[in-house]
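# Analysis of the macromolecular model
Here is how the chains run, residue by residue.
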Amino acid sequence: MRFHGIAWALGLVMGTAPAGAWAAEPIRAKGAVASSENPRYKAGLAIDGKVSDDSRWVSGVGVPAWLAVDLGAEHTLAGVHVFTGYGKEDAVKDFSIEYWKDGEWREIPSAVVTGNEEVAVAVAFDQAVEVRTSKVRLVVASSHQDTARVKELVIWPAGAGDLPPLPAGSVVAKATPQEKIPLIYLNQSGFNLGKPKRFTAPTLEDGTEFVVRRAAGGDPVAKGVIRGHVGDFSQLNMEMDEEFVVEAGGHVSVPFRIAPNWLERVSYQNAVNFMIDSRHYVGNDRAVCGGSFGWRDDHHFGWELHTLVAQYLSNPSAYDRLPRQVKFEGPQDKRLWGALEPYPDDAPDLVKLIHWGADVLVTQKVSHEHLKAQFAYFLYAWPMLERYLPKQNFDVVAERAFAIWSEKKSDRSYPYDESAEHDLLALKTKIGSTKGSLPPGFSVEPNLLMHEVAKRMGRDDAMTYLDAAVRQAEWMVANLDWDEPLVTKGQRMSEWLTVTGLAHLLREYPERAPAGLKAKLEEWVRVVVRRSGNLWDFRKLDDGDGWTPMGEKPQMWNEPGNVVGLPASLLAAKGVVEDSSLRERLDQLVWSHFDNMFGRNPVGRHFSFDAPREVEGVEHGWFRFYPGGIGRLADARFVIDGSPKNAHYPYHPELGEIGWTEGWIQFNTAFNVSLAYLAWSETKVEMMRDGDELVVRLTAPLNFDGEKVETGAVMVFSGQGDVERVEVREDGASSGTLSGRIRLRAAEGAQKAGDGVLEYREGTTVKASYGFGYLGRHATLKP
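Here the residue numbering is sequential within each chain, running from 1 through the sequence in written order. Reporting of local features is limited, given that this is a predicted model, to residues whose pLDDT is at least 70; pairs of side-chain atoms are given and counted only at 80 or more, and all residues count toward the totals for whole chains, interfaces and linings. To get the side-chain values, all heavy atoms of the structure are used, and hydrogens and water are removed first.

To describe a pair of aromatic rings, you give the distance between the ring centres and the angle between the ring planes. Within 6.5 Å between ring centres, the rings of Phe, Tyr and Trp (the latter by its six-membered ring) count as paired, and their orientation is classed by plane angle as stacked under 30 degrees, edge-to-face over 60, tilted in between. One pass over the full model with this rule turns up 36 aromatic pairs. Centroid distance Tyr677 to Trp680: 5.8 Å. Interplanar angle 75 degrees. Geometry classified as edge-to-face. Here Tyr677 and its partner Trp680 are both found in helix 15 (residues 665-681), three residues apart, which amounts to about one turn of the helix. Exposure class is identical for Tyr677 and Trp680. Each is buried. Aromatic ring contacts, followed pair by pair, group Phe191, Phe199, Phe210, Phe233, Phe244 and Phe256 into a single cluster. Definition used: whenever NZ (Lys) or CZ (Arg) falls within 6 Å of the ring centre and also within 35 degrees of the ring normal, the charge is taken to sit over that ring. One Lys or Arg, Arg321, reaches over the ring of Phe704 and ends 5.1 Å from the middle of that ring. In this structure, Arg459 packs its charged tip against the face of Phe402, placed 3.7 Å from the ring centre. For helices the rule is a DSSP run of H or I covering at least 4 residues; for strands it is a run of E covering at least 2, with both sets numbered from the N terminus onward. The rule is simple: take the accessible area with a 1.4 Å probe, protein chains only, and divide by the maximum for that residue type; under 20% is buried, over 50% is exposed, in between is partly exposed.

Between side chains of opposite charge, a pair can form as their charged atoms come close. Take a side-chain nitrogen of Lys or Arg and a carboxyl oxygen of Asp or Glu: if they are within 4 Å of each other, that pair is a salt bridge. If you walk through the whole model with that rule in mind, you get 48 salt bridges. As a salt-bridge pair, Glu104 and Arg106 come within 3.2 Å of each other at their nearest N and O atoms. Residue classification places Arg106 among the partly exposed residues on the basis of a relative accessible area of 27%. Note that Arg257 is salt-bridged to Asp241, the shortest N-O span being 2.7 Å. Residue Arg257 is found in strand 16 (residues 257-259), and its partner Asp241 is found in the loop between strand 13 (230-232) and strand 14 (244-248); the two are separated by 16 residues along the sequence. For Arg257, a relative accessible area of 21% translates into the label partly exposed. Look at Asp241 and you get exposed, because its relative accessible area is 66%. Members of the salt-bridge network, linked through shared partners, are Arg198, Asp232, Asp537, Arg585 and Arg600.

A few words now on the layout of surface pockets. Over the atoms rolls a probe the size of a water molecule, and in doing so it shows where empty space is left. Only protein atoms enter the 1 Å grid used here, on which a cavity is any set of points holding a 1.4 Å probe that cannot leave and a pocket is any open set flanked by protein within 12 Å on both sides along at least five of seven lines; residues with an atom within 4 Å of a point are listed as lining. Grid points are joined across faces, edges and corners, and a volume is the space filled by probe spheres set on the points. By volume, the second largest pocket amounts to about 430 Å³. As for the second largest pocket, its lining consists of 20 residues, and the residues nearest its centre are Pro383, Met384, Met715, Phe717 and Gly771. Mapped by element, the contributors of at least two residues to the lining of the second largest pocket are helix 3 (316-320), helix 6 (382-385), strand 19 (711-717), strand 20 (723-730) and strand 23 (766-770). In terms of residue count, strand 19 provides more of the lining of the second largest pocket than any other element does, four residues in total. Residue type decides the class: Asp, Glu, Lys and Arg count as charged, Ala, Val, Leu, Ile, Met, Phe, Trp, Tyr, Cys and Pro as nonpolar, and the leftover types, Gly among them, as polar. For the lining of the second largest pocket, the residue count by class is eleven nonpolar, five polar and four charged.

Set out below in structure tokens:
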């Protein structure tokens with residue numbers, strides 16, 4: 001479990017909730033039996049409505065042990081409250097909840113809890129299965145002294161909203177009480193130097209003056225006036241190793257920092273940490289998880305290689321220099337992974353994660369259109385990856401990808417599958433549900449990448465892939481209505497695929513872009529801007545009262561992935577916008593949505609429960625985390641757990657924790673792709689000749705330590721076969737630019753790559769690149 005406080009419920013479970021907190025009453029069970037029981041502490045005492053050491057079920061010595069509860073009739077269930085241990089100690093460590101169906105006990109994927117240290121746990125059932133049953137069973141797999149101690153198992157029916165919180169007296173999390181969160185809402189961690197810096201003050205009137213001062217006190221360093229409950233101090237760009245606060249109307253914000261690349265500094269390692277921990281089979285939880293491939297609970301639409309590759313293409317030096325945590329593990333079952341030869345230990349963790357994703361998919365011979373689309377990213381990035389990975393990796397993935405790209409049938413049944421068929425060259429006209437498993441235009445970018453891979457390999461079918469991407473974009477231009485929420489925010493964490501794919505096509509293949517594509521993207525931008533005119537600078541679901549997607553079940557919907565993925569779409573679309581005021585507004589919205597994740601939202605909390613101990617500068621994390629689930633993310637680092645729900649907006653913090661909370665790989669990958677596009681948007685490469693040397697200058701988000709001269713690497717190409725790697729170093733200890741030099745020499749014969757001298761021929765063009773391809777930045781010069 002990711003929190004380590006004491007959880008303790010006193011007195012009766014029944015009737016301890018505040019009046020009106022929820023409509024349902026727990027189910028009064030008919031009876032209970034157990035695998036074994038202490039004569040003094042029989043099974044029935046665990047369902048008598050009392051949470052007490054004197055009224056509990058205690059098993060005999062030996063686990064697993066189980067407690068089966070007869071509900072007396074069939075019910076559809078929302079979840080359970082489980083009270084275990086003795087006093088404040090000896091909580092049941094590992095347990096699961098099963099339900100009776102068709103004459104057998106079946107596991108509830110979301111109700112598997114491991115590593116628990118709490119004596120009171122609320123376990124909600126997600127929508128992976130509908131739990132309709134007349135009996136449930138608690139199975140204890142690990143417990144103190146191999147003895148199950150269960151004070152009470154409280155079973156809640158569905159249909160009345162969310163699973164109720166644990167009763168009064170239970171202390172189950174260290175989340176900040178809502179009344180302790182300051183009423184000036186902003187990014188708790190800090191702001192990037194030179195970027196928008198805005199806050200929301202919902203309780204203050206227009207015209208209220210505000211000041212920004214050092215948290216330690218002193219004169220104001222910035223002043224302003226609140227308009228529409230929003231304050232703006234973007235002009236403040238003091239680079240100092242100290243914290244600031246906003247003061248207005250008698251309120252004081254949490255302290256925050258201002259520094260170059262602050263968001264990247266506090267996010268890059270965390271983003272990689274999550275992807276390391278949440279791997280299937282080899283992550284920090286080794287259980288086999290249903291519907292999972294490379295990552296736990298990813299299903300077929302985790303978009304892992306789509307985003308991991310994007311991160312590496314956009315800012316390789318930042319990831320190259322992160323600490324190495326991952327070691328290759330050979331498979332015990334070669335049907336799960338191992339088709340790709342392993343990487344060396346010194347490869348960056350991000351490269352190792354990319355290798356892992358491709359290895360699992362090619363080994364397991366998957367053919368769902370979304371999973372085989374991930375192969376395109378691996379193959380496209382090969383010029384960046386081949387420095388670390390064996391050539392066999394490329395050959396195996398390429399053979400598999402080209403062989404199955406246009407296959408219509410899938411290799412197996414996939415939960416939540418909405419695909420009509422799986423030919424990635426076919427026109428896709430079906431729009432998926434708010435689950436996010438079939439976003440419009442998901443095939444555009446993979447086909448563009450396969451076009452480039454096929455060209456690089458000299459294949460005669462290269463144009464087939466580009467034609468398919470163009471045909472799909474033509475349909476989207478003609479048929480998508482951006483006013484319809486289902487094709488935008490209604491796709492939740494997968495919306496970014498729609499916009500980034502279209503922008504990629506327009507930017508890299510302008511001569512093939514369908515007529516009207518630029519106007520279509522501009523129209524999307526204007527809808528986003530229109531729906532973001534509110535006190536949070538937050539893109540709403542629609543033009544009415546809809547702020548976030550909601551559904552008929554309690555699990556519908558948790559949407560942090562849409563919030564953190566939107567910056568990628570905004571930055572991709574910004575390239576087609578010419579109006580300067582509109583571009584400025586897009587910049588504000590990019591940062592307002594990052595800020596929303598970090599606390600500029602109606603409850604003032606970071607989206608991750610563990611943010612206060614994992615993210616520098618964050619004081620207030622999400623209300624709670626999900627203790628079970630298919631993904632088993634309770635102990636993973638940097639889990640994006642939850643975000644404000646529709647009812648929280650425009651400003652209802654008094655509602656507290658409502659709606660569904662559960663981390664998901666898809667939320668983190670959406671954040672990852674926004675980090676990639678942010679890096680791409682902030683990167684620039686320049687060259688000039690200085691005598692017999694070529695001077696290379698790089699602007700990129702690489703300044704993570706204001707007291708250290710940091711480095712990066714730019715690749716320089718002669719155009720005649722010579723390729724050299726130029727180290728660039730910060731021009732100062734906290735500079736936004738890095739520079740390096742390489743000696744030039746006129747080529748006389750065969751050119752030798754990698755000797756530290758760039759050989760060129762007169763009249764040829766030299767190219768410098770940071771990153772690669774569609775997310776790289778490039779410059780050219782004729783020496």
